Amino acid sequence: MLLVDRLYTHFAYPRGTVGSLAGVIMARRRANTVRGRWVIDQLALASGSRVLEVGYGPGAVLDDVCRRTANGHVVGIDISPVMMRQAAHRNRSHAQAGLLELRIGDAAHLAPDLRDFDVIFGINVWQYWQDPATVIKDLGTRLRPGGRLALAYMRPPGCRLTHGQAATQLTTQFTAATFTHIATEWMQHKPPAVLVSGQRPATTVCDTASSTPNSKAVPPLPDPM
Ligand SMILES: C[S@@+](CC[C@H](N)C(=O)[O-])C[C@H]1O[C@@H](n2cnc3c(N)ncnc32)[C@H](O)[C@@H]1O
């Protein structure tokens, strides 16, 4: 396998020296930094927010996220220990201040305490999930009612999926996961990027039932003859 092909495989799961190099490229590539800033602008983060970044990679946008959510709490999850080291070094002042917590883990198997977020976002990570529909559904349950999930895609080197195809697939998956206010934003750049976001309904039937412990189950309506 050519070195460049080996490098591409490391964008999905950076490991060892080549993975470390992939992290440096991700953090420094101009298209990535422009896209990262654009995504964070779209999130309209508020001070005091509780935010989860899935697949933080080298942690290039976390400084911006922490600054915009001053007095909030930012958590990051990534499967790669190599990326954890780069992201932790890059954002050490925020971690020391207790604002940022970086974890190693799989988006498909999140710990139960990762919940009640105002915003969950991921940049160029969704395409690597084996079962994205299930992960998106689970992420929805980890938002507070009214919270937003936002997933961005910009065709990475070595990947065939276009941003238009990604938008269609993401919208279908957000709809299946019962998100509301689903929106698609486009960034015209080389390559272009897309951000699909959706809101967890402010109050669902399940929330109402669980928040009123004495509520009785509603009997089914009689079958119209
Ligand atoms: C292409 S990189 C993008 C990194 C960063 N978001 C950026 O845009 O610079 C994908 C990242 O997602 C992580 N990743 C891939 N699959 C994951 C999963 N199932 N759970 C958590 N992280 C994952 C990889 O380790 C890698 O750091």
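Per-chain numbering applies: the sequence of each chain, read as written, is numbered from 1 onward. Restriction of local features to residues with pLDDT of at least 70 applies here, the model being predicted, together with a cutoff of 80 or more for giving and counting side-chain atom pairs; totals for whole chains, interfaces and linings are based on all residues.

(A) Molecular detail of helix α2 (residues 16-28). In this text, helices come from DSSP runs of H or I with a minimum length of four residues, and strands from runs of E with a minimum of two, each type numbered from the N-terminal end. How far a helix is expected to stretch is found by multiplying one less than its residue total by 1.5 Å. Look at α2: 19 Å from first C-alpha to last across 13 residues, which is about the 18 Å you get at 1.5 Å a residue. For α2, the full list of buried residues reads Gly19, Ala22, Gly23 and Met26. Down the axis of α2, the buried set is contained in an arc of 105°. They therefore lie on one face. Every exposed residue of α2 that faces more than 90 degrees away from the buried side is listed here: Thr17, Val24 and Arg28. We call two residues in contact when the distance between their C-beta atoms, placed using the backbone, is within 7 Å. On its buried side, α2 packs onto α1 (3-12), α3 (30-43) and α5 (81-90). Exposure in this text rests on C-beta crowding, where 20 or more other C-beta atoms within 10 Å of a residue's own make it buried, 12 or fewer make it exposed, and counts in between make it partly exposed. The C-beta atoms are placed from the backbone. The arc in question is traced by the directions running from the helix axis to the C-beta atoms.

(B) View of the environment of isoleucine 77. As for its position among the elements, isoleucine 77 is in strand β2 (residues 73-78). A sequence separation of 33 residues divides isoleucine 77 from leucine 110, and the C-alpha atoms of the two residues are 8.6 Å apart. What isoleucine 77 contacts, discounting residues up to four positions off in sequence, is Leu52, Val54, Arg103, Gly105, Ala107 and Leu110.

(C) How the structure looks around the sheet that holds strand β7 (residues 193-199). For two strands to count as paired, DSSP must find a minimum of two bridges between them. Pairing is mixed across the open sheet formed by 7 strands, whose spatial order is β3-β2-β1-β4-β5-β7-β6. The open sheet terminates on both sides in strands that have one partner only, identified here as β3 (100-104) and β6 (180-187). For this sheet, the mean inter-axis angle between neighbouring strands, taken without regard to orientation, is 15°. Angular values range over 0 to 180 degrees, each being the angle between N-to-C directions of two axes fitted as lines to C-alpha atoms, with helices fitted over their stretch in contact.

(D) Examining the site of the ligand more closely. Nearness is defined per residue: the C-beta atom, placed using the backbone, must lie within 6 Å of the molecule or strand. Within the structure, the ligand sits among 25 residues, and Gly55, Gly57, Ser80, Ala107 and Ile123 are positioned closest to it. Of all the secondary structure elements, the ones that give two or more residues to the shell around the ligand are α1 and β2. Only Asp, Glu, Lys and Arg are considered charged, only Ala, Val, Leu, Ile, Met, Phe, Trp, Tyr, Cys and Pro nonpolar, and every remaining residue, Gly among them, polar. Considered class by class, the residues forming the shell around the ligand number 18 nonpolar, 5 polar and 2 charged.

Geometric descriptors of this kind do not, in isolation, establish any biological role.
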